[in-house]
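# Observations on the three-dimensional arrangement
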Amino acid sequence: MNSAFVIPAFGPVLPEILLAAGALILVLFGAIRGERPGYGMNIIALALLAVTFVAVLMLPSERVETMGGSFVVDGFAKFMKALTLLASAGGVILSLDYMRREGISRFEYPILIVLSTIGMMMVISANDLIALYLGLELLSLSSYVIAAFDRDNVRSTEAGLKYFVLGALSSGMLLYGASLVYGFTGSVSFPVIASVLQGNVGIGAIVGLVFVSAGIAFKISAVPFHMWTPDVYEGSPTPVTAFFAAAPKMAGMAMATRVFIDAFPGILGQWQQIIVFISIASMALGSFAAIGQRNIKRLMAYSSIGNVGYALIGLATGTVEGIQGVAVYMAIYLAMTLGAFACILSLRRGNVMFDTVDDLSGLSRTHPVIAFCLGMMMFSLAGIPPLAGFFAKFAVFTAAIEADLVALAVIGVVTSVIGAYYYLRIVKVMYFDEPAERYDSMPAGVKLVLALCSIFVVLFGIVPAPLVAAAGAAARSLF
C-alpha cells in the first residue's frame, strides 16, 4: 500500500510546539485575568522559556530533517536556539520592574515575546525559503507591536510605525529574491538549490541572491539596510530595545549563516563579495556614526550595527573556523549587550528614566558597582583584553586571516580602534565628570541579569574552552 501522506516526526519540533502551546495558554490566562498588573504572566513566560531551553538541549546534535525537509535540527540550530532563548528570557526579566513603573504592564507583552521567539526558532531551523519567510513574518509582526508597546508615547508609536514600514519593504525584497531563486533553480529547498547551483549559475539566480541578501541584511540591521535601527532603538521602551539588540540578532545571524552555507555553498565567490561589503560598511558606520551620539540607546544602536559587521567577518570566510567565530562572537555579544542595558535600566529617579551619556556623570561615586560593571561592558565591547569581547573579535579576525581575507581583518582592527573612542568616553564620563544625584536602587531582576553577564564577560577569558568547544561542534554540523 503506497501512501501519499507521511506523518512527520514531531520530536525535532518539540521546542516550537511547547512555545506555541504555552503562548495559547498565556492568551487564555491573560484574557481571564484581565488588565490587572502583576508578575504572573511574566513568570509563566519565563518558566515556559526555561522548559523550552531544556527541550532544546535534549535535541539530537546530528542533522535531522522533518516536515517534508523544510525544518532541520543540527548542532548549529541547537546552539543558536539556546542563545535566542536566553536572550528572550533576559528581555522579559529586564522588563519586570520597568513596565510596572511606566504603567504599561499589560499581559500581551510576554505573549508577544514568546511568539517572536517561536519565529526566531523557526528561522534558525528553516531548511527552505518558505519556512524561512514564515518564521521571519512571525518574528517581525510581534516585533512591530512591542516596539510600539508604550502606545501613549509618541516616540514609541513612531518607532513601531517606522519598523513596520521598512520591515514590510525588506520582506518584499526577500520574497522577490526568493521567487527569483525558485524560478532559476526550480526549488525552494536549500539542499536542492545548492545542488542545482553547484555547476550552473545564471545571472537570474545571482540577482535573486542579492535580493535575499538585502532582506537578511535588514533583519540583522547591517549597512546599508540599517536605517531603522537608531530610531527604533531610541523610541522603543528600554527593555524592548534590549530585546531587539539581543534576541533577533542571534536569529538573524543564524539565518544568514544557514542560508549562505546550506543553500549557496557552491557560489562562495559570489556571496562572499556581498558579505565582505556589508561587513566593512557596517563596521565603518558603527564606528564613526556613534561618535557624535548623546542618547545612549542610539549609541547602542550604532554599536550593534558595528558588532554585526564584526560577526559577518566570520561568515565571509565560509569556513568551519569562521562559523565557529560567528557562534562565539554572538554568544559573547549577547552577554555584553544584556549587561549594558541592565546598567542603562538602572538610570531612574522616581518616575523619570534617563538615557543620555551625560546622565552617567560621576556614576562611579554615586553607584560604584554599576559604574564598574558598565565600564567593564564598554571595555569588552571595545575589544580590550582580557575581557570576553577581545576574544570574540580575535576569533573572527583569526578566521579571516586563515581564509586569506587579510584586508578585511585589518579593516576590522582599525574600525575597532576607532569605535573604542565612544566606549571609553562613557567610562570617562562615569569616572571623571562631576556626579549627579543618586539614582533609585536597581531592581532584583536587573541585578540578576547584570551579575550573570558580568561574571560571563570576566570568566570567559579564564575558562573559554566550554563555549569554544560547543561553538566548534555547532559549526562543524553545518559542513
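Note that the structure is a prediction, hence the values are computed from the model and not measured. For every chain, the first residue of its written sequence is number 1, and the numbers climb from 1 along that sequence. pLDDT decides what is reported in this predicted model: residues at 70 or higher carry local features, side-chain atom pairs at 80 or more are listed and counted, and totals for whole chains, interfaces and linings draw on all residues regardless. Side-chain figures throughout are based on the complete set of non-hydrogen atoms in the structure, without hydrogens or water.

### Things to note about the overall build of the chain
Numbering goes from the N terminus for both helices and strands, where a helix is a DSSP run of H or I of at least four residues and a strand is a run of E of at least two. In terms of regular secondary structure, the chain is built from 19 helices and 4 strands. Taking 23 Å as the expected radius of gyration for a compact globule of 479 residues, we find that the chain reaches 21 Å, a close match to that expectation. Expressed along its principal axes, the backbone C-alpha trace of the chain runs to roughly 75 × 60 × 40 Å. Residues are treated as being in contact if the distance between any of their heavy atoms lies within 4.5 Å. At a minimum sequence separation of 6, the contacts of the chain that also span at least 24 residues come to 81%. Methods summary: accessible areas were calculated by the Shrake-Rupley approach with a probe of 1.4 Å, and residue burial reflects only the protein chains presented. When the accessible surface of the chain is summed, it comes to about 17,800 Å², and 71% of that surface belongs to carbon and sulfur atoms. The centroid of the 26 positive side-chain charges in the chain is displaced by 5 Å from the centroid of its 26 negative side-chain charges. Our radius of gyration looks at C-alpha atoms and nothing else; its globule reference is 2.2 Å times the residue count to the power 0.38. Only four residue types enter the charge count, namely Lys and Arg as positive and Asp and Glu as negative; His and the chain termini do not. Where a charge lies is defined by one atom per residue type, namely NZ (Lys), CZ (Arg), CG (Asp) and CD (Glu).

### A few points about the nonpolar core
Phe-264, Leu-315, Met-330 and Met-378 are the most contacted members of the largest nonpolar core, which totals 164 residues. The element contributing the most residues to this core is helix α13 (residues 320-344), with 18 residues. Note on terminology: a nonpolar core comprises buried Ala, Val, Leu, Ile, Met, Phe, Trp, Tyr and Cys residues joined through side-chain atoms within 4.5 Å. Note on classification: 1.4 Å probe, protein chains only; a residue is buried when its accessible area is under 20% of the maximum for its type, exposed when over 50%, partly exposed between these limits.

### Some remarks on empty space enclosed by the protein
Only protein atoms enter the 1 Å grid, on which a cavity is a set of points fitting a 1.4 Å probe that cannot get out and a pocket is an open set with protein on both sides within 12 Å along at least 5 of 7 lines, lining residues being those with an atom within 4 Å of a point. Grid points are joined across faces, edges and corners, and a volume is the space filled by probe spheres set on the points. Applying the stated criterion across every chain, the model contains 3 cavities of 30 Å³ or more. As a volume, the largest cavity reaches approximately 140 Å³. With 6 residues, the top contributor of residues to the lining of the largest cavity is helix α10 (residues 238-263). For the lining of the largest cavity, the class distribution of residues is 10 nonpolar, 3 polar and 2 charged. In this model, the second largest cavity occupies a volume close to 100 Å³. Along the wall of the second largest cavity there are 13 residues; nearest its centre are Asp-97, Arg-101, Leu-345, Arg-348 and Pro-443. Top contributing element to the lining of the second largest cavity by residue count: helix α3 (residues 75-102), with 4 residues. Considering only residue class, the lining of the second largest cavity consists of 7 nonpolar, 2 polar and 4 charged. Only Asp, Glu, Lys and Arg are considered charged in this grouping, and only Ala, Val, Leu, Ile, Met, Phe, Trp, Tyr, Cys and Pro are considered nonpolar; every other residue, Gly among them, is considered polar.

### Quick notes on unusual backbone geometry
Put simply, Val-223 and Pro-224 share a cis peptide bond, and its omega is 5°. Among the structural elements, Pro-224 can be located in the loop between α8 (203-219) and α9 (229-235). Residue Pro-386 is reached from Pro-385 by a cis peptide bond, and omega for that bond is 5°. Within the secondary structure layout, Pro-386 lies in the loop between α15 (368-382) and α16 (388-402). In the Ramachandran plot, Ser-221 falls in the positive-phi region, its phi being about 55° despite a non-glycine side chain. Along the chain, Ser-221 turns up in the loop between α8 and α9.

### Quick notes on the layout of surface pockets
Approximately 380 Å³ is the volume attributed to the largest pocket. Lining the largest pocket are 16 residues, with Leu-86, Leu-334, Leu-338, Leu-452 and Cys-453 positioned closest to its centre. Taken together, the elements giving at least two residues each to the lining of the largest pocket come down to α3, α13 and α18 (444-459). With 6 residues, α18 is the single largest residue contributor to the lining of the largest pocket. Partitioning the lining of the largest pocket into residue classes produces 15 nonpolar, 1 polar and no charged.

### Concerning the side chain of Asn-307
Relative to the elements of secondary structure, Asn-307 occurs in helix α12 (residues 296-317). Side-chain polar atoms of Asn-307 contact the side chain of Tyr-329, separated by 2.5 Å. Between N or O atoms, a polar contact is any pair within 3.5 Å; within protein, one atom must be a potential hydrogen donor and the other a potential acceptor, and residues adjacent in sequence are included only when both atoms are from side chains.

### Side note on the environment of Val-181
For Val-181, the position within the fold is in helix α6 (residues 154-185). Ignoring anything within four residues of it in the chain, the contact list for Val-181 reads Leu-129, Gly-186, Ser-187, Ile-193, Ala-205, Gly-208, Leu-209, Val-212 and Phe-264.

### Focus: the pattern of salt bridges
Think of a salt bridge as a Lys or Arg side-chain nitrogen and an Asp or Glu carboxyl oxygen that are within 4 Å of each other. Taken as a whole, this structure holds 17 salt bridges when the rule is applied. Among the salt bridges present, the one from Glu-102 reaches Arg-348, with a minimum N-O distance of 2.8 Å. Here the residue Glu-102 occupies a position in helix α3, and Arg-348 occupies one in strand β3 (residues 348-349), the gap between them amounting to 246 residues. Exposure remark for Glu-102: the relative accessible area of 28% places this residue in the partly exposed category.

### Notes on the packing of helix α1 (residues 14-33) against helix α4 (residues 108-125)
One way to put it is that α1 packs onto α4 with a least axis distance of 9 Å and a crossing angle of 160°. What the angle tells us is that α1 and α4 run roughly antiparallel. Helix-helix and strand crossings are classified by hand; for α1 and α4 the assignment is left-handed. When α1 is examined against α4, the residues Pro-15, Glu-16, Leu-19, Ala-20, Ala-23, Leu-26 and Val-27 are found in contact with a partner set consisting of Ile-111, Val-114, Leu-115, Thr-117, Ile-118, Met-121 and Met-122. For helices, the axis comes from a line fit to the C-alpha atoms of the stretch in contact; other axes are also lines fit to C-alpha atoms, and the angle between any two N-to-C directions lies between 0 and 180 degrees. Should an angle lie under 35 degrees it is considered roughly parallel, over 145 roughly antiparallel, and from 65 to 115 roughly perpendicular; all remaining angles are considered oblique. The handedness criterion is simple: a crossing whose near helix is rotated anticlockwise from the far helix by less than a right angle is left-handed, and one whose near helix is rotated clockwise is right-handed.

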